[in-house]
Amino acid sequence: MEHSAERVVDTVKADRRRVLIITALVAIPLIAWTLTQMSLLSFGTQILNGLSFGAVLFFLASGFTMIFGLLRIANLAHGGFYLMGGYVGITTTLVTGQFWLGLIAGGLAIMVLGVFAERVLLRRIRGLVKPEVLLTIGLTFVIGDLSLAMWGGDPRTVPLPGYLKGPIQIGDSFFYPKYRVFVLGLAIVLAAILFYIDRRTKIGAIVRAGVDDRETVAALGININAVFTIAFMFGAFIAGMSGVIGAGFLALLPGQDFEILLFALVVVIIGGLGSLEGAVLGAAVVGLIDSFAKALVPELSFFTLFAPMAIILMIRPNGLLGKAP
Amino acid sequence: MLQVDNIQAFYETAHILDGTSLEVGNDEVVTLLGRNGMGKTTLVRIIAGIDPPQQRGGTITWEGEDITDLESYEIARRGIGYVPQGRRVFGSLTVVENLEVIARAPADGAEPWDVDRVFEFFPRLQERRTSLARTLSGGEQQMLAIGRALMTNPTLLLMDEPSEGLAPILLGVIRDTLAALKGSGLSILLVEQNLGLALALGDRILLMSEHGKIVWEGTPDKLKDDHAALSTHLGV
């Protein structure tokens with residue numbers, strides 16, 4: 001009896017979460033709509049703007065949250081990874097004329113950087129939170145300055161291939177940039193891949209077990225340090241790619257590393273640290289809030305970003321979908 | 001097969017283990033009894049290669065090989081299974097996933113443990129195969145922790161207080177389980193505070209006292225009659 005009761009509680013909790021997610025995603029645009037009575041067209045535009053910006057944030061936040069869940073490192077260099085990945089992608093695209101090559105080169109370059117950061121730098125101070133924070137912030141400064149020296153301070157964007165340029169037409173009178181729709185699709189594909197790896201593969205199960213209890217996974221024969229490196233590499237790879245993707249509609253410039261990091265942090269804090277579903281939800285929420293706030297009350301855009309975060313933290317200190325540690 | 005020789009271990013300035021030595025032979029069940037804080041868990045963790053104390057000395061030999069400085073995963077891969085204190089199942093994985101995630105083929109031609117065999121052994125786990133491990137009861141989690149260690153196809157099982165926090169009826173289940181395992185050619189180093197379990201299972205019993213000193217050694221029958229040893233070292 002005891003067990004079935006527990007199971008019921010678990011299902012109820014899961015249902016309540018789903019309700020929470022849907023409510024949040026529907027409520028934000030609806031509130032914005034009723035407050036402002038915008039036209040349906042600009043309402044749709046804002047939703048797509050929010051979701052496509054959220055898509056970029058998801059790329060960044062999914063790697064961040066995985067690295068945190070497994071290694072317990074808040075990798076504050078993730079914004080730096082984004083910036084430098086974007087620059088490498090721009091240069092590669094300019095040299096080769098291939099956007100896809102730029103995308104992959106941005107990811108690979110940051111993957112190499114990530115392996116260096118994890119194996120050479122972070123491994124020496126494993127488990128020491130303050131040194132890890134200082135090291136990853138320091139790394140962001142180094143990456144930022146190197147990028148400034150190599151790519152200069154002017155805003156840069158990645159040249160898009162012809163088939164991703166221009167608007168896409170929906171219905172009679174609704175036009176929307178093709179590229180943003182493409183980014184949204186890419187994020188959905190990435191989310192599907194990540195969920196598949198997480199739920200259906202052995203490495204996904206090992207990562208989840210490692211998030212639960214690193215020590216015991218290792219004591220049962222898993223080389224957890226190798227898993228850490230793979231996770232860090234993968235997280236860095238998507239962070240580098242996200243820079244290239246973001247550079248298609250958000251210009252890259254010095255300082256963007258910290259700005260995008262801030263957004264990614266809000267995403268994972270709202271969604272719940274270490275939770276993949278949390279990253280999806282947090283990215284959508286933050287993207288939508290940012291888009292509507294910038295359209296309606298641009299002078300308050302930081303307030304509208306942090307106020308919801310503060311409220312959510314007051315109600316659910318572990319984030320919307322986070323587990324109690 | 002396992003030789004632990006003159007282990008020294010410190011946490012900060014506390015001298016936890018001072019010259020602990022013991023041996024586990026082939027197909028043997030050795031029970032290590034002792035009160036709380038004597039260093040039993042520290043010893044098991046050192047054998048398993050987990051989180052070594054800052055300073056340590058002594059050697060651990062496994063089938064002729066010095067494994068003192070190996071990483072815990074390397075030790076596990078040599079055939080030493082581990083059932084941690086407090087069970088420590090992977091709470092966000094299902095029962096089946098808990099078993100499959102660390103599954104490894106046996107080194108020799110022994111009858112391998114797989115998910116089906118574990119379920120045969122613990123039918124209760126089969127009923128709950130798709131439940132998340134954190135929703136299991138304490139007894140079910142203990143079965144899962146044992147089944148999980150068996151999935152690594154070990155030749156020696158390190159068990160750290162499997163009776164901890166279990167209701168008497170579940171204690172009986174665990175005891176029968178261990179008795180069955182004992183007959184299957186597995187060696188076991190069982191760390192316990194529960195005298196009844198130790199007496200029922202151990203081929204050989206060791207009593208551990210302050211700083212991990214092994215102060216008594218003998219068969220269960222001999223321990224039953226040695227009232228002095230029981231009252232001095234276990235308080236019973």
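In short, a report on the structure.

Reading the values: rules and limits
- Residues numbered from 1 in each chain as written.
- Chains lettered and ligands numbered in written order.
- Predicted model: local features only at pLDDT ≥ 70, side-chain atom pairs only at ≥ 80, totals over all residues.
- Heavy atoms only, no water.
- Patch = residues over 30% accessible without salt bridge, like charges linked within 9 Å, V, L, I, M, F, W, Y side chains within 5 Å.
- Areas by Shrake-Rupley, 256 points an atom, 1.4 Å probe, with all protein chains shown as cover.
- Salt bridge = Lys/Arg side-chain N within 4 Å of Asp/Glu carboxyl O.
- Lys, Arg positive; Asp, Glu negative; His and termini not counted.
- Charge placed at Lys NZ, Arg CZ, Asp CG, Glu CD.
- Helix = DSSP H or I, 4+ residues; strand = E, 2+ residues; numbered from the N terminus.
- Buried < 20%, exposed > 50% of the residue type's maximum accessible area, 1.4 Å probe, protein only.
- Pairing = 2+ DSSP bridges.
- Contact = heavy atoms within 4.5 Å.
- Buried area = accessible area lost by both parts, 1.4 Å probe.
- Phe/Tyr/Trp six-rings, centres within 6.5 Å; stacked < 30°, edge-to-face > 60°.
- Lys NZ or Arg CZ within 6 Å of the ring centre and 35° of its normal.
- Core = buried A, V, L, I, M, F, W, Y, C linked by side-chain atoms within 4.5 Å.
- Axes fitted to C-alpha atoms, helices over the stretch in contact; angles between N-to-C directions.

Together, Arg16, Arg17, Arg72, Arg316 and Lys323 of chain A make up a positively charged patch on the protein surface. Note that arginine 17 of chain A resides in helix α1 (residues 2-36).

As a further point, take the pairing of strand β2 (residues 174-177) of chain A. The two faces of the sheet receive side chains in turn, since in a regular strand these alternate between them. Residues and elements named next belong to chain A. Side chains of β2 alternate between two faces, with Phe174 and Tyr176 buried and Phe175 and Pro177 left unburied. Strand direction decides the pairing type here: strand β1 (residues 167-170) and β2, joined by 4 bridges, are antiparallel. Bridging across to β2, glutamine 169 finds its partner in phenylalanine 175. Between β1 and β2, which follow one another and run antiparallel, lie 3 residues, and glycine 171 among them has a positive phi close to 70 degrees.

What follows concerns the interface of chain B and chain A. Across the boundary between the two partners, chain B contributes 32 residues, which contact 24 residues of chain A. Carbon and sulfur atoms supply 51% of the area that chain B and chain A bury against each other, a total of about 2300 Å² over both sides. Taken as a group, Tyr73, Phe90 and Val101 of chain B account for 23% of the area that chain B buries against chain A, more than any other trio of residues on that side. Our count for the contact surface shared by chain B and chain A stands at 4 salt bridges. Here arginine 45 of chain B ties to glutamate 215 of chain A by a salt bridge, and the two come within 2.8 Å at their closest N and O atoms.

The next subject is the packing of aromatic side chains. Evaluated as defined, the whole model comprises 15 aromatic pairs over all chains. What links up through ring pairs into an aromatic cluster is the set Phe99, Trp100, Tyr179, Phe182 and Phe249 of chain A. Note that arginine 117 of chain B overlies the ring of tryptophan 113 of chain B, its terminal NZ or CZ placed 3.8 Å from the centroid. The aromatic ring of phenylalanine 90 of chain B is capped on one face by arginine 148 of chain B, whose charged end is 4.6 Å from the ring centroid.

Attention now moves to the nonpolar core. Formed by 128 residues in total, the largest nonpolar core has its most connected members in Phe58, Phe99 and Tyr179 of chain A together with Leu157 and Leu181 of chain B. Sort the elements by how many residues they give to this core and helix α2 (residues 40-71) of chain A lands first, with 14 residues. Once residues lying within four places of it in the same chain are set aside, the contact partners of tyrosine 179 of chain A are Phe99, Leu160, Leu164, Val244, Ile245, Gly248 and Phe249 of chain A. Formed by 31 residues, the second largest nonpolar core is a distinct cluster that contains Ile7, Val24, Leu32 and Ile75 of chain B.

Turning to the sheet that holds strand β3 (residues 29-33) of chain B, a few remarks are in order. All names here are of chain B. Strand order in this open sheet of 6 strands is β6-β7-β8-β3-β9-β10, and the pairing throughout is mixed. Looking at the sheet topology across the chains shown, the edges are occupied by β6 (80-83) and β10 (214-218). Taken pair by pair, the neighbouring strands of this sheet meet at an average axis angle of 15 degrees, ignoring direction. Bridge analysis of strand β9 (residues 204-208) against β10 gives 4 bridges, and the strand direction is antiparallel. Bridging from a neighbouring strand, leucine 206 pairs with glutamate 217 of β10. Running at roughly 145 degrees to strand β7 (residues 156-160), helix α1 (residues 40-48) makes contact with β3, β6, β7, β8 (187-192) and β9 of the sheet. On the sheet, helix α10 (residues 227-234) packs against β3, β9 and β10 and is oriented at approximately 45 degrees with respect to β9.

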